[in-house]
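Report on the structure
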Amino acid sequence: MKTGNSNILIIYTGGTIGMVKDYASGALKAFDFKGLLESIPELHQLECQIDATSFEVPLDSSNMHPEDWVRLATMIEQGYDHYDGFVVLHGSDTMSYTASALSFLLENLQKPVIITGSQLPIGDLRTDAKENLITAVQIAALKNENGPVVREVGLYFEYKLYRGNRTTKINAEHFEAFASLNHPHLVESGVHLKVFSQFLWAPKKRKPLVVHKKLNTNVAVLKLFPGIGEQVLRGVLSSKGLKALVLETYGSGNAPSDSWFVEVLREAISNGIHIVNVTQCSGGSVMMGQYETSTQLQQLQLISGKDITTEAAVAKLMYMLGAEVHPRHFKTVFETSLRGEMHQN
Ligand code: ASP
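Described in the following lines is the structure provided in the data block. (Residues numbered from 1 in each chain as written. Predicted model: local features only at pLDDT ≥ 70, side-chain atom pairs only at ≥ 80, totals over all residues. Heavy atoms only, no water.)

**Here we look at the overall build of the protein chain**
Along the protein chain, the regular secondary structure elements total nine helices and 20 strands. Taking 20 Å as the expected radius of gyration for a compact globule of 345 residues, we find that the protein chain reaches 21 Å, a close match to that expectation. Over its C-alpha atoms, taken along the principal directions, the protein chain stretches across nearly 65 × 50 × 35 Å. The burial tally for the protein chain puts 54% of its 345 residues in the buried class. In the protein chain, 74% of the contacts between residues at least 6 apart in sequence involve partners at least 24 apart. Within the structure as shown, the protein chain displays about 15,800 Å² of accessible surface, and the carbon and sulfur contribution to it stands at 50%. (Helix = DSSP H or I, 4+ residues; strand = E, 2+ residues; numbered from the N terminus. Rg over C-alpha atoms; globule rule 2.2 N^0.38 Å. Buried < 20%, exposed > 50% of the residue type's maximum accessible area, 1.4 Å probe, protein only. Contact = heavy atoms within 4.5 Å. Areas by Shrake-Rupley, 256 points an atom, 1.4 Å probe, with all protein chains shown as cover.)

**Quick word on the sheet that holds strand S20 (residues 303-304)**
Ordered by their spatial adjacency, four strands build an open sheet running S17-S18-S19-S20, and the pairing between neighbours is parallel. With one partner strand each, in any of the chains shown, strand S17 (219-223) and S20 form the two edges of the open sheet. With two bridges joining them, strand S19 (residues 274-279) and S20 adopt parallel strand pairing. Bridge pairing in S20 links Asn 277 to Ser 304. Each of S17, strand S18 (244-249) and S19 touches helix H5 (residues 230-237); the most contacted strand, S17, lies at about 165 degrees to it. Sitting on the sheet, helix H8 (residues 310-322) is in contact with S17, S18 and S19, with an inclination near 165 degrees to S18. (Pairing = 2+ DSSP bridges. Axes fitted to C-alpha atoms, helices over the stretch in contact; angles between N-to-C directions.)

**Some points on the sheet that holds strand S5 (residues 85-89)**
The eight strands are arranged S4-S1-S5-S7-S10-S11-S14-S15 in an open sheet whose pairing can be described as mixed. The open sheet has two edge strands with one neighbour each: strand S4 (49-54) and strand S15 (193-195). If you compare each strand with its neighbour and ignore which way they point, the axes differ by 20 degrees on average. Here four bridges tie strand S7 (residues 113-116) to strand S10 (residues 153-157), and the two strands are oriented parallel to one another. What sits directly across from Val 113, in S10, is Val 153. The strands touched by helix H3 (residues 95-105) are S7 and S10; relative to S10, the strand with the most contacts, the crossing angle is about 155 degrees.

Here it is, written out as structure tokens:
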């Protein structure tokens, strides 16, 4: 496995990683990415060609919207034939949503798209940004005799590469800010880069890249809590234009058995709203029917989110609604792993 001769495009979208301290004023300001190679001379040692581009106005990731995911996917599409791999620099707050969305937007991806960021700005003395950026580039440049080693959207943070659509931000302070509890990490960075090939996504056929650009944002997320009232559930499900709901349930997909609860869900489903059962636990899977408190949901034919994260469920719903998947097939398609975002069975 080597990194030589790869052409890598770095796309800066915003976030803490791209900030430097202005020593005169002490304030954090956006880094000039045109000067990237000069400012991080370590990148010269990587034996690959690096170009950098940036969103015109860098965004804090709380301001990233689905149209920005499409913009990003389009930038990757435009550079797809020229570059061997892509590194996306992004704020960590909504990074898992963007990584999930990109995985659905970029169908038949055969090249690495590695998204990373940092907890401290690149100009900070104790920054985690340099290691994250340099290793992300190295992973994006990795090739073997068959071409790119990684052929999926990965998220690199604090010595680990994860499948992007399996991640969740779990810590607002620690350098180890992300976890992927339902899928093992793909690469580990120590003295050497250790690639766990058995966990990598293997796109089946050599089909051309298809970049989807339609997302339908008429979705909502509702987390159950003891004491949730009928008005709250009804209020969310009767939101104007709502097409789908991610219902965050307890444990292995359990919910109250109260008749009003079941009735409100039944009405929504008969009004054509897709309801996905996703567990509010960080790890593990929904298994409707395992407990009595989920048999009512099974009878309602709720969609099983299996072990998908809420972030990936939101992105998958927006993608499937955008693609106008027929209501008759919606449950089957959602319950199928499209990009390794959930277990198969
Ligand atoms: N608020 C920042 C963002 O998500 C935090 C970060 O970059 O880590 O854009």
